[in-house]
Amino acid sequence: MTGGEVTIGEFARRSGLSLKALRLYDARGLLQPVRVDPASGYRYYDPEQLARARTISLLRRLEMPLGAIADVLAEPAGQGHAIRAWWDGRRRELVDRGPELDLVLQSLGAPTGPVHPGHLGVDDVVVRPVEARTVATVRRHVVQEDLVAAFASDVLELRAFLDAAGATYGTEFWVLFHGAVGHDGDGPIETCVPYEGAVVPVGPVVLREEPAQTMAFVPVTAADCRYPQIIGAYVALETWFTTDGRRTAGPTREIYPVPWSDEVVVAHVAQPVA
C-alpha cells in the first residue's frame, strides 16, 4: 500500500458501501480504484474518493439507475442539470401512473383518489348491442412493452392473408385479452380483423364468428391511448361492472374502429355484458 491509499474493505467501511457495490461501480466505471495489485488483484482507493462514493450512495437511495448516475457524475460541479432532468421525469412518470394506482385501489375495494379533469369514470361507459361478425384471428403471448408492436404486426399479417384470399375488410380491428398482460405476465392476446367473403384458414390464422352480444364500451382518445394512461379506461369499466352486480360475458378487449387521429376517439376498452 502506498501514500494514503486504503484497502477496499476499509473504503467500504468508511463509505458505507458494500464490497459487492464497490465492485459493481468499478465495472461500470463510476468509482474505480486508484490501484489494483497485479499479483493479488486487491483494490486500493484514495480517501479523497469518499465524497464521490457517498454521492453515488445518495443517488442510489433515490433509486436512480447507474446510467443516469454516470450522467450526473460527468457534469461539471455545481450544475445539477442531469439530476434535475431525471427527477422531473420521475415525477411525471409517477403522475402518469396514477390510473394504475386507481386500479389497485379498486381491486382492494378501497376508495380511489380525487377525480381530475379528463379522468374516466362510470359515466363514460356506453352500453349497446353489437351484431355478429366473422373474424380472422391470431393468438400470441406478449408482455406489456411489446404489446402494441405485436398486435400491429398481427393486423398486418391478417390483412395480407385476407387480401390473398380475396376477402374484404375495413379499418376496424380489436385485441382480446385472454390473460394478464403486464411487466410480469404474458397472457395470450387474440388479434381480430372482421371480414366478409369466403376464406379458407391457413397456418396460424383462425376463422370464427364473434356472436351478437351486448357490449360495454369506454371511449379512449388519442391522448389517453397509451400505457399507462389507458389503464384509466379499464378502471372505469371495472367500476361499472362491480356496480349493481353486473356480470361479464367474455374477455376484455381494445377495439380500434378508425384510423389514428389526434382529434377523435381512436379506441374503446370494452367487455361483453352477461
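Residues numbered from 1 in each chain as written. Predicted model: local features only at pLDDT ≥ 70, side-chain atom pairs only at ≥ 80, totals over all residues. Heavy atoms only, no water.

Asks: Can you help me understand the nonpolar core in this one?
Replies: General note: in soluble globular proteins, nonpolar side chains tend to be found buried as a group. With 39 residues, the main nonpolar core has L162 and I189 as its most contacted residues. Those elements giving two or more residues to this core turn out to be β5 (133–141), α7 (147–165), β7 (173–177), β8 (188–196), β10 (213–221), α8 (231–242) and β12 (265–272). Examining the composition of this core, we find that seven residues originate from one element, α7, more than from any other. Apart from residues lying up to four places away in sequence, L162 is in contact with A136, A167, Y169, V193, Y195 and V199. Membership of the second largest hydrophobic core comes to 22 residues, among which are A21, L59, V72 and W86. (Core = buried A, V, L, I, M, F, W, Y, C linked by side-chain atoms within 4.5 Å. Buried < 20%, exposed > 50% of the residue type's maximum accessible area, 1.4 Å probe, protein only. Helix = DSSP H or I, 4+ residues; strand = E, 2+ residues; numbered from the N terminus. Contact = heavy atoms within 4.5 Å.)

Asks: Just checking my understanding: could you explain the pattern of salt bridges for this structure?
Replies: One pass over the full model with this rule turns up 13 salt bridges. Across the pair R14 and E10 runs a salt bridge whose closest N-O atoms are separated by 2.9 Å. You can see R14 and its partner E10 sitting in helix α1 (residues 8–15), four residues apart, about one turn around the helix. The salt bridge partner of E190 is R208, with a shortest N-O separation of 3.0 Å. On the criterion of sequence distance, the pair formed by E190 in strand β8 and R208 in strand β9 (residues 206–210) is long-range, its members being 18 residues apart. (Salt bridge = Lys/Arg side-chain N within 4 Å of Asp/Glu carboxyl O.)

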